[in-house]
Amino acid sequence: MDSHITRIVVVGGTAVGWTAAARLASAFRATVSIAVLETPARPGAGETSQVAAIEPEFQRELFDRLGVPEEEWMRTCRASFKAAVRYVNWRTEGPADILPRTLENGSPDYFYDPCSGIPECEDSLLLDHWRRRRAYGESAENFDYACFREPPLMDARKSPRWLDGRRAFPYGWHVDIRLFTEYLRNTATGRFGVRTLRGTPRTAERDERGMLTALHTAEGHRVPGDLFLDCTGPEGLVLAGILGEPYLDAPDRPRCDRAVAVTVPYDRTEHDVDPFTTAAALPSGWTWKTPLVDGFEAGHAYPGDRIGPDEAARTLCALWGLRPEHTPVRHTAPRTGHSRRAWVKNCVALGPAADARDSLAGGPLSGVLKALDRLVRDFPALQDRDGPAARFNRAVTTGSARARDFAQLLHHTSPRADTPYWTARRAAPLSPELADCLAAHSAALTPERHELRYAGVLAALAPGGRTFRASLAHRQDAREVADAHFVRIKRQQHILLETLPTAGQYLSRLHVRPTAQHTDRTARTARY
């Protein structure tokens, strides 16, 4: 009897599903047959957003393995760059506004969280030396502008690549999620022989150990397999619907459990393209802007028990100068939480089917490549198909908790308390891990590796506490190296400002001329 898995069934023709199919097909080639069971679209079961942010590692960990150059898939997916997240009005109270208010020191209320990590310097983070310089009055510059090259480049809407294609600094992308899914589908089926089926799974055959051996669809088809991947979103048609694994909703209250979104086209000859995502705090919730090459998606995430959908739509339209009565909007009820177990028997859930994250902590593809990498490395034998399940499930639970902590961190450390929403979010209990992280930050202790994502946000929203690490007082050599590093960052900022094209200039060269449906100019009255 063959001891190897030879048949994989991916359930769900979503972006997550086709990412999984393409990644596994590139890893196992002809040794494994892969079929994607595409479930018919159902009302309310679509993506929260029509534009997705994807992580910098997608090129290296997915497209390079597929043999696809960046320029090719970017053109097809109307993609733009995402080199940072720009947080607006998280430190000042006031009405809904996409434009930054003014802080007490006269600077605008926004800060950047770049894709590049916080630089290290002589066994410590450059952040530690920034805190030292700030404490001694040697610098009043904000953390992001002092420690990263990107912030002034983002202000100038600079591309992360020169026109000859060389990369200047790390970046991810914004993509049209439908086109991205179609591109992966065509690549997986055309280059790697992935098969497609259509149907909605209703029941399953199981062997004496409880392992799934085949799915039966509502349309009357039988789909056999050795390993099944549930990529159907929080509904979990296989994991929850057939195997009965419970889905645990996020405990945060109040949370933004409703969203309204709108697509705003523009003419890029008149408006440059933001090479970053915008997340702006609002009196009840927050708003986002995710640009594409010829338009952007704007949305408003809000607590459904505090404001209604009509009020949320009016707020969103007012932010962008749109007329609500003439603007088609999309209302959704995004679910946040995670499956109690992501790997049960021989069924593995990926993406929101395993872990649906708050949009502040990432989109539907967040963490998917890491989960797939773990699945490839620990791919099970036929007779031990749930052998890696315990470690896989711990990793998913940990990732879900850390994503939830990040969203809570933004609310808890914000000084806003001008509405019931902000009062309640700041008063919400913290997880023990997040409470420990905040205590360590106040004591100027070195963050753990997984806390580095929090460090930049804390430096912007909660720069107080103990001034800097005491050990730096004994490290004159490290201080001199750090001072030189700060000077080097400033020099690089000036050089890149002079030599890089804008994102719009680079993308204009990259992309073919948009079709008429994307250059409709009816929204030119919008505020950019």
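Each chain carries its own residue numbering, running from 1 in the direction its sequence is written. This being a predicted model, a pLDDT of at least 70 is required before a residue's local features are given, and a value of 80 or more before pairs of side-chain atoms are given or counted; all residues contribute to the totals for chains, interfaces and linings. As a convention, hydrogens and water are excluded, and side-chain values are obtained from all of the structure's heavy atoms.

Enquirer: What is the right way to look at the environment of His 129 in this model?
Expert: The topology assignment puts His 129 in helix H4 (residues 126–135). Between buried and exposed lies partly exposed: a residue is buried under 20% and exposed over 50% of the maximum accessible area for its type, with that area taken using a 1.4 Å probe on protein chains only. Look at His 129 and you get buried, because its relative accessible area is 0%. When the C-alpha atoms of His 129 and Tyr 302 are compared, they prove to be 38 Å apart, with 173 residues separating the residues in sequence. For this analysis, residues touch if any pair of their heavy atoms sits within 4.5 Å. Once you skip the residues sitting within four places of it in the chain, His 129 turns out to touch Cys 121, Ser 124, Leu 472, Ala 478, Arg 479, Ala 482 and Phe 486. By definition, any uninterrupted DSSP run of H or I lasting at least four residues is a helix, any uninterrupted run of E lasting at least two residues is a strand, and each is numbered from the N terminus.

Enquirer: Explain the nonpolar core to me, please; I cannot follow it from the model alone.
Expert: In globular proteins that are soluble, nonpolar side chains generally tend to be buried together. We define the nonpolar core as a collection of buried residues of types Ala, Val, Leu, Ile, Met, Phe, Trp, Tyr and Cys that are connected through side-chain atoms lying within 4.5 Å of one another. Ranked by internal contacts, the top residues of the largest apolar core, which has 109 residues, are Trp 73, Phe 180, Leu 229 and Leu 350. Of all the elements, helix H1 (residues 15–28) adds the most residues to this core, at 9 residues. Phe 180 has contacts with Ala 15, Thr 19, Ile 54, Phe 58, Phe 63, Cys 77, Val 175 and Leu 365, leaving out every residue within four places of it along the chain. With 29 residues, the next largest nonpolar core counts Leu 410, Trp 422, Leu 434 and Val 457 among its residues.

Enquirer: Looking at this structure, how should I read helix H8 (residues 309–319)?
Expert: Residues three or four positions apart in an α-helix share a direction because the helix packs 3.6 residues into each turn. When we look at burial in H8, the residues that qualify are Ala 312, Ala 313, Leu 316, Cys 317 and Leu 319. Taken around the axis of H8, the buried residues stretch over an arc of 155°, which confines them to a single face. More than 90 degrees from the buried face of H8, the exposed residues found are Asp 310 and Ala 318. Where H8 is buried, its residues meet strand S16 (258–265), strand S17 (277–282), strand S18 (285–292), strand S19 (295–302) and strand S20 (330–332). Positive backbone phi, approximately 70°, marks Gly 321, located one or two places after H8. Throughout, the arc means the angular range of directions from the helix axis out to the C-beta atoms.

Enquirer: I would appreciate a short explanation of the environment of Ala 259 in the present structure.
Expert: Structurally, Ala 259 can be placed in strand S16. Counting along the chain gives 243 residues from Ala 259 to Val 16, while the straight-line C-alpha distance between them is 21 Å.

Enquirer: Can you help me understand the pairing of S16 in this one?
Expert: The side chains of a regular strand alternate, residue by residue, between the two faces of the sheet. Burial runs high along S16: 6 of the 8 residues are buried. By the bridge criterion, 8 bridges tie S16 to S19 in an arrangement that is antiparallel. Looking at S19, one finds that Val 260 is bridged to His 300. Two strands pair under a simple rule: DSSP has to find at least two bridges between them. Where S16 and S20 come together, 3 bridges link them in antiparallel fashion. Among the inter-strand pairings, Ala 261 is bridged to a residue of S20, identified as Arg 330.

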